[in-house]
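Architecture at a glance
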Amino acid sequence: QVQLVESGGGLVQAGGSLRLSCAASGRTFSSYAMGWFRQAPGKEREFVASITWRGESTYYADSVKGRFTISRDNAKNTVYLQMNSLKPEETAVYYCAVQAQGYSGSTYLGDFGSWGQGTQVTVSS
């Protein structure tokens, strides 16, 4: 079982940047694709980005393409989400998760598990 801990959230002005980290425990981290999701108040959790287990392929929600970058360092058991040009509507709790099933590039919430506790990102206008 992989346990995940997100960090790096905070308050940023619109147009600013943040880098989120997701530290994983467990020896099988490098065997899994990983994803980032977010959940705004009163809304459903939504897919943001994912990365294959070797990092050779990445996938993004249309709304973040060109602004967000997902990466991973398997030697450090860590996945990152670099977020640039942030918008107020992207205020949410950001979660990382293990892709336990499904095809590469899946955005389906049910394909992911071992959720971390989340990290709050607040973008002020």
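Refer to the preceding data block for the structure.
In short, a report on the structure. (Residues numbered from 1 in each chain as written. Predicted model: local features only at pLDDT ≥ 70, side-chain atom pairs only at ≥ 80, totals over all residues. Heavy atoms only, no water.)

What to know about the overall build of the protein
Rules: Going along the chain from the N terminus, every DSSP run of H or I of four or more residues is numbered as a helix, and every run of E of two or more is numbered as a strand. A radius of gyration in this sense is built from C-alpha atoms; the matching globule rule multiplies 2.2 Å by the number of residues raised to 0.38. Residue contacts follow a heavy-atom distance rule, with two residues in contact if any of their heavy atoms lie within 4.5 Å. Note that accessible areas follow from Shrake-Rupley with a 1.4 Å probe, and for residues the cover is restricted to the protein chains shown. The charge count includes Lys and Arg as positive and Asp and Glu as negative, but it does not include His or the ends of the chains. One atom stands in for each charge, and that atom is NZ of Lys, CZ of Arg, CG of Asp or CD of Glu.
Scanning the protein from terminus to terminus reveals zero helices and eleven strands. Counted from the first residue to the last, the protein has its helices and strands arranged as β-β-β-β-β-β-β-β-β-β-β. In terms of overall size, the protein behaves like a compact globule, its C-alpha atoms giving a radius of gyration of 13 Å where 125 residues would be expected to give roughly 14 Å. Projected onto its principal axes, the C-alpha positions of the protein cover 40 × 25 × 25 Å. Within the protein, contacts between residues at least 6 apart in sequence are counted, and of these 57% link residues at least 24 apart. If you sum the accessible surface of the protein, you get close to 6400 Å²; carbon and sulfur atoms cover 47% of it. Between the averaged position of the 11 positive side-chain charges in the protein and that of its 9 negative side-chain charges there is a distance of 5 Å.

Focus on the nonpolar core
The test is simple: The term nonpolar core refers to a set of buried residues drawn from Ala, Val, Leu, Ile, Met, Phe, Trp, Tyr and Cys, joined through side-chain atoms within 4.5 Å. The classification of residues rests on relative accessible area computed with a 1.4 Å probe and restricted to protein chains. Under 20% of the type maximum is buried, over 50% is exposed, and intermediate values are partly exposed.
By size, the foremost hydrophobic cluster in this structure holds 33 residues, and its most contacted members are Trp 36, Leu 81, Met 83 and Tyr 94. Residue assignment for this core shows that the elements contributing at least two residues are β3 (18-25), β4 (33-39), β5 (46-51), β7 (68-73), β8 (78-83), β9 (92-99) and β11 (119-124).

Some details on the pattern of salt bridges
Where we set the bar: By convention in these notes, a salt bridge is any Lys or Arg side-chain nitrogen within 4 Å of a carboxyl oxygen on Asp or Glu.
The tally for this structure, following the rule as stated, stands at five salt bridges. Here Glu 56 and Arg 54 are joined by a salt bridge, their closest N and O atoms 3.8 Å apart. A relative accessible area of 47% means that Glu 56 is categorised as partly exposed. Overall, Arg 54 belongs to the exposed group, its relative accessible area being 58%. For Glu 90, the salt bridge goes to Arg 67, with nearest N and O atoms at 2.4 Å. Separated by 23 residues along the polypeptide, Glu 90 in the loop between β8 and β9 and Arg 67 in the loop between β6 (58-60) and β7 bring together distant segments of the chain. Residue classification places Glu 90 among the buried positions, given a relative accessible area of 3%. A single salt-bridge network, built from bridges that share partners, covers Arg 38, Glu 46, Arg 67 and Glu 90.

Structural notes on the state of the cysteines
Formally: Here, a disulfide means two cysteine sulfur atoms that sit within 2.5 Å of each other.
The tally for this structure, following the rule as stated, stands at one disulfide. Residue Cys 22 pairs covalently with Cys 96 via a disulfide, S to S 2.0 Å. Taking the sign of the torsion about the S-S bond as the criterion, the disulfide between Cys 22 and Cys 96, at about 60°, is right-handed. Of this pair, Cys 22 sits in strand β3 while Cys 96 sits in strand β9, placing them 74 residues apart in sequence.

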